[in-house]
Amino acid sequence: MTTLRAGWVITQRDLAHWVRQPWAPIFGLLFSIMLLLVFGFLFGGAITVPGGGDYISFLLPGMLALSMMFGVESTATAMANDARKGITDRFRSMPIGSASVALGRVGADMANSTVEVLVLILGGLLIGWRISSDPASAAAAVLLLLLLRFAVLWIGIFVGLSFRGEGATMAVQVLVWPIGFLSTAIVSAETMPGWLGAIAAWNPLSATASAARELFGNPTGITEGPLADGAVWLAIGWPVLLTAIFVPLSARAYRRLRD
Amino acid sequence: MTDNALEADGLRKRYGDLQALDGFDLTVPPGVIHGLLGPNGAGKTTAVKALATLIRTDGGSARVAGFDVRTQAREVRRRIGLVGQNAAVDEILGGRQNLVMFGRLFGLSTAAARARADELLDTFGLTGAAERAVSTYSGGMRRRLDLAAGFILTPAVLFLDEPTTGLDPRARNEVWESVREIAARGTTVLLTTQYLDEADQLAARISVMNHGRVVADGTPDELKRQVGGDRVTVTVPRSEPLEAVAQRLAAALGEAAVTDADTHRVTFEVGAGVVALADIVRALDQLGIAPEDLVLRRPTLDEVFLTLTDKEVAR
């Protein structure tokens, strides 16, 4: 109980940052919207979706999934900054549960990403994207997107706790791009060379993007392969697997701060 | 059980090739400011981190406020405040917001945390800046907020790791005032510093640290005496022969004279300064010399520090 309460206090600290410095989250949102516009209109005309369908409808769920994955960067940066500034040490010298620091991060980042999903959905609706399914399926799509965010959150916590130099967060910032683009978030795997398409199809990001397309009733750009009929299950399985790996690793990294 | 605020017994901690703590012993009774003095890399911060339950040592044991740092860390954490080397406060939030947050983390209700924050802002002279973002604070203000955050529950023991590093003299004085204020309310303070005058100003007792262990321990005066006796310096008028005067004074005192022709001064290291002073005045009187200046002083902590740490290197 005290662990949860302390986690909530630490979450509130981040929420108070939004009020004090609204520009930081707003720039984050503008970045996502900019990517959406660049791909939707600048490149979109040159991209066809295998199996048919309009590119904006294909793109928006992919953009949502991509922005969830890019969240790993802000999580890792925030954790590493607190460690470097001694704030983590101060928390550790206090009578709070050892999970509180991570839980506080989880609460703040999930709140941030929920807002991001909603803003991107609104932005999508403004540029002609449509939900062609029922509300329950659409809600399930949002939950799967947030599940991916939850999974990469733990990767970010692990990285932020394990590597305290600024180099680690820069490595994450660079690595998210190839991982993000080597997926079906922006283009269908079926337009790629065979070997590249196979890698992209097995990217956890592709599972979430494809599942969200399916649940929103948007074109999936898939005619065959593992994502054709199992996208939703993969979009549950991948994040659960990542979480199962990185929660214990994060706990270990936190304990190792004592060494 | 024990009544000491801090007790460390043979703490050891190794980081790769570096033996950061090498049999660190410390005993601090409650309610005093204890200085932990040493050059960079002596192991001061590692010692503080070990006592504040932040790191696990490889060997030895320690009790803080009566609780074992290894097996009763949670109890220790309820009774300590930690103010680390860099001001560990949230820069985006305001001063009051910081204190309310830390208060709630210490288990206070929101209302109690707010009330305590207001008290502390007042005590540490930050009421006027309470709502401003900490990033707009001066170095001294930030430090004082940091101290206030470490003092929320009126801890039994407060760890201050180099609290005035990088501050200008005025801000340093303000922080010193705050530290005295904290100690006056019964909190035991362990203060690490590499500034000798800081330890001299604040600490009732000092432990000098080098290479991971305590190499000397005592009140500032005791430490100064360890290095040798007092110094008496006579400035002889230029009209008088320096060496001859020095020899006469040396004979009268029974101590060796050290002369400096440039400044025309003669210095004696003496056991008891005040007695020697009387002897010198009498001898000068007999010689019919009026000294230009006559100074009695203790060795400075700088001399203590250099002597002790040099000895350590020579070993």
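Residues numbered from 1 in each chain as written. Chains lettered and ligands numbered in written order. Predicted model: local features only at pLDDT ≥ 70, side-chain atom pairs only at ≥ 80, totals over all residues.

Take the overall build of chain B next. Looking only at helices and strands, one finds 11 helices and 14 strands in chain B. Expressed as a percentage of the 315 residues in chain B, the buried residues total 44%. Put simply, 70% of the contacts in chain B that link residues at least 6 apart link residues at least 24 apart. (Helix = DSSP H or I, 4+ residues; strand = E, 2+ residues; numbered from the N terminus. Buried ≥ 20, exposed ≤ 12 C-beta atoms within 10 Å, placed from the backbone. Contact = placed C-beta atoms within 7 Å.)

With that settled, consider the UniProt feature "transmembrane region" (unreviewed entry) in chain A. All names here are of chain A. Mapped onto the present numbering, the UniProt feature "transmembrane region" (unreviewed entry) falls on residues 23-49, 55-72, 115-132, 138-163, 175-196 and 231-251. Counting secondary structure, residues 23-49 comes out at 78% helix and 0% strand; the distance between its end C-alpha atoms is 36 Å. As annotated, residues 138-163 has a helix share of 96% and a strand share of 0%, and its two end C-alpha atoms lie 38 Å apart. (UniProt positions renumbered as here; feature names shortened; annotations may be inferred.)

So, about the nonpolar core. Among the nonpolar cores identified, the biggest contains 140 residues, and Ala-65 and Ala-212 of chain A together with Leu-51, Phe-159 and Leu-190 of chain B are the most heavily contacted of them. Examining the composition of this core, we find that 15 residues originate from one element, helix α3 (residues 55-84) of chain A, more than from any other. Residue contacts for Leu-51 of chain B: discarding those within four places in its chain leaves Leu-6, Ala-8, Ala-62, Val-64, Val-69 and Phe-159 of chain B. Counting 11 residues, the second-largest nonpolar core is a separate cluster that includes Val-234, Val-236, Phe-268 and Val-270 of chain B. (Core = buried A, V, L, I, M, F, W, Y, C linked by C-beta atoms within 7 Å.)

What follows concerns the confidence of the model for chain B. With 96% of its residues at a pLDDT of at least 70, chain B reaches an overall mean of 87. Across the interfaces of the predicted complex, the ipTM metric reaches 0.87, alongside a pTM of 0.83. (pLDDT = per-residue confidence, 0-100.)

Before going further, it helps to examine the sheet that holds strand β6 (residues 80-83) of chain B. Residues and elements named next belong to chain B. The strand order β6-β7-β8-β3-β9-β10 describes an open sheet built from six strands, whose pairing is mixed. Looking along the sheet, the strands with just one partner apiece sit at the ends: β6 and β10 (213-218). Averaged over all pairs of adjacent strands, the angle between their axes in this sheet comes to 15 degrees, without regard to strand direction. Alignment of strand β3 (residues 33-37) against strand β9 (residues 205-210), held across four bridges, turns out to be parallel. Following the sheet pairing, Leu-37 is matched in β9 by Val-208. On the sheet, helix α5 (residues 139-150) packs against β6 and β7 (157-161) and is oriented at approximately 160 degrees with respect to β6. (Pairing = 2+ DSSP bridges. Axes fitted to C-alpha atoms, helices over the stretch in contact; angles between N-to-C directions.)

Another point: the domain arrangement of chain B. Domains assigned within chain B are domain 1 (6-225) and domain 2 (230-297). Distance from the C-alpha centre of domain 1 of chain B to the C-alpha centre of domain 2 of chain B: 45 Å. (Domains from an automatic or database assignment.)

This brings us to the UniProt feature "domain: ABC transmembrane type-2" (unreviewed entry) in chain A. The sites that carry the UniProt feature "domain: ABC transmembrane type-2" (unreviewed entry) are, in the present numbering, residues 23-257 of chain A. Helix and strand shares over residues 23-257 of chain A are 76% and 0% respectively, and the end C-alpha atoms of the span are 32 Å apart.

Moving on, we get to the confidence of the model for chain A. For chain A, per-residue confidence averages 90 on the pLDDT scale, and residues scoring 70 or more make up 100% of the total. Per-element confidence in chain A ranges from a low mean pLDDT of 83 for helix α7 (residues 166-181) of chain A to a high of 95 for helix α6 (residues 135-162) of chain A.

Bringing the sheet that holds strand β13 (residues 265-270) of chain B into the picture now. Residue and element names in this part refer to chain B. As summarised here, the arrangement of the four strands in space is β12-β13-β11-β14, forming an open sheet in which the pairing is antiparallel. Two strands lie at the open edges of the sheet, namely β12 (257-260) and β14 (293-297), each paired on one side alone. With direction set aside, neighbouring strand axes in the sheet form an average angle of 20 degrees. Bridge analysis of β12 against β13 gives four bridges, and the strand direction is antiparallel. Its bridge partner lying in β13, Ala-257 is registered against Phe-268.

On to the environment of Thr-307 of chain B, then. Residue and element names in this part refer to chain B. Structurally, Thr-307 can be placed in helix α11 (residues 301-314). What makes Thr-307 partly exposed here is the crowd of 17 C-beta atoms within 10 Å. Note: C-alpha distance between Thr-307 and Asn-4 (303 residues apart in sequence) is 30 Å.

The next thing to look at is the interface of chain B and chain A. Contact residues are listed per partner, giving 23 residues for chain B and 19 residues for chain A. At the level of secondary structure, the elements contributing two or more residues to the side of chain B that touches chain A comprise α2 (73-78), β6 and α3 (95-105) of chain B. The element best represented in the side of chain B that touches chain A is α3 of chain B, accounting for four residues. Class assignment of the residues belonging to the side of chain B that touches chain A gives a composition of 12 nonpolar, five polar and six charged. (Nonpolar A, V, L, I, M, F, W, Y, C, P; charged D, E, K, R; others polar.)

Turning our attention to the pairing of strand β1 (residues 6-15) of chain B. Residue and element names in this part refer to chain B. In the sheet, β1 pairs with strand β4 (residues 59-64) via five bridges, with the strands oriented antiparallel. Residue pairing for β4: Arg-12 is matched across the bridge by Gly-59. Here β1 folds back onto strand β2 (residues 18-28), and the loop between the two strands holds two residues, one of which, Gly-16, carries a positive phi near 60 degrees.

What follows is about unusual backbone geometry. Residues and elements named next belong to chain B. For Thr-154, which is not glycine, the phi torsion reads 45 degrees and is therefore positive. Structurally, the position occupied by Thr-154 is in the loop between α5 and β7. Judged by the 13 C-beta atoms lying within 10 Å of it, Thr-154 is partly exposed. The backbone of His-264 sits at a positive phi, close to 60 degrees, despite the residue not being glycine. Summarising the element assignment, His-264 is placed in the loop between β12 and β13.

All names here are of chain B. Buried residues dominate β9, accounting for five of its six residues. Of the pairings in the sheet, the one linking β9 to β10 comprises five bridges and is antiparallel in character. Looking across to β10, one finds that Ile-206 is bridged to Gly-218.

It is worth spelling out helix α10 (residues 226-255) of chain A at this point. Residue and element names in this part refer to chain A. The sharpest bend along α10 comes to roughly 60 degrees, located at Val-232. Those residues of α10 lying buried are Leu-227, Ala-231, Val-232, Ala-235, Trp-238, Pro-239, Phe-246 and Ser-250. Buried residues along α10 sit in contact with α5 (100-126), α6, α8 (194-201) and α9 (204-216). (Bend = angle between axes of the 7 residues up to and from the residue.)

All names here are of chain A. Remark: α3 packs on α9, axes separated minimally by 8 Å, with the N-to-C direction vectors making an angle of 140 degrees. The orientation of α3 with respect to α9, classified from their angle, is oblique. Viewed along their axes, α3 and α9 form a crossing whose handedness is right-handed. Where α3 approaches α9, its residues Phe-58, Pro-61, Gly-62, Leu-64, Ala-65, Leu-66 and Met-69 are matched on the opposing element by Leu-205, Thr-208, Ala-209, Ala-212, Arg-213 and Phe-216. (Parallel < 35°, antiparallel > 145°, perpendicular 65-115°, else oblique. Left-handed = near helix turned anticlockwise from the far one by under 90°.)

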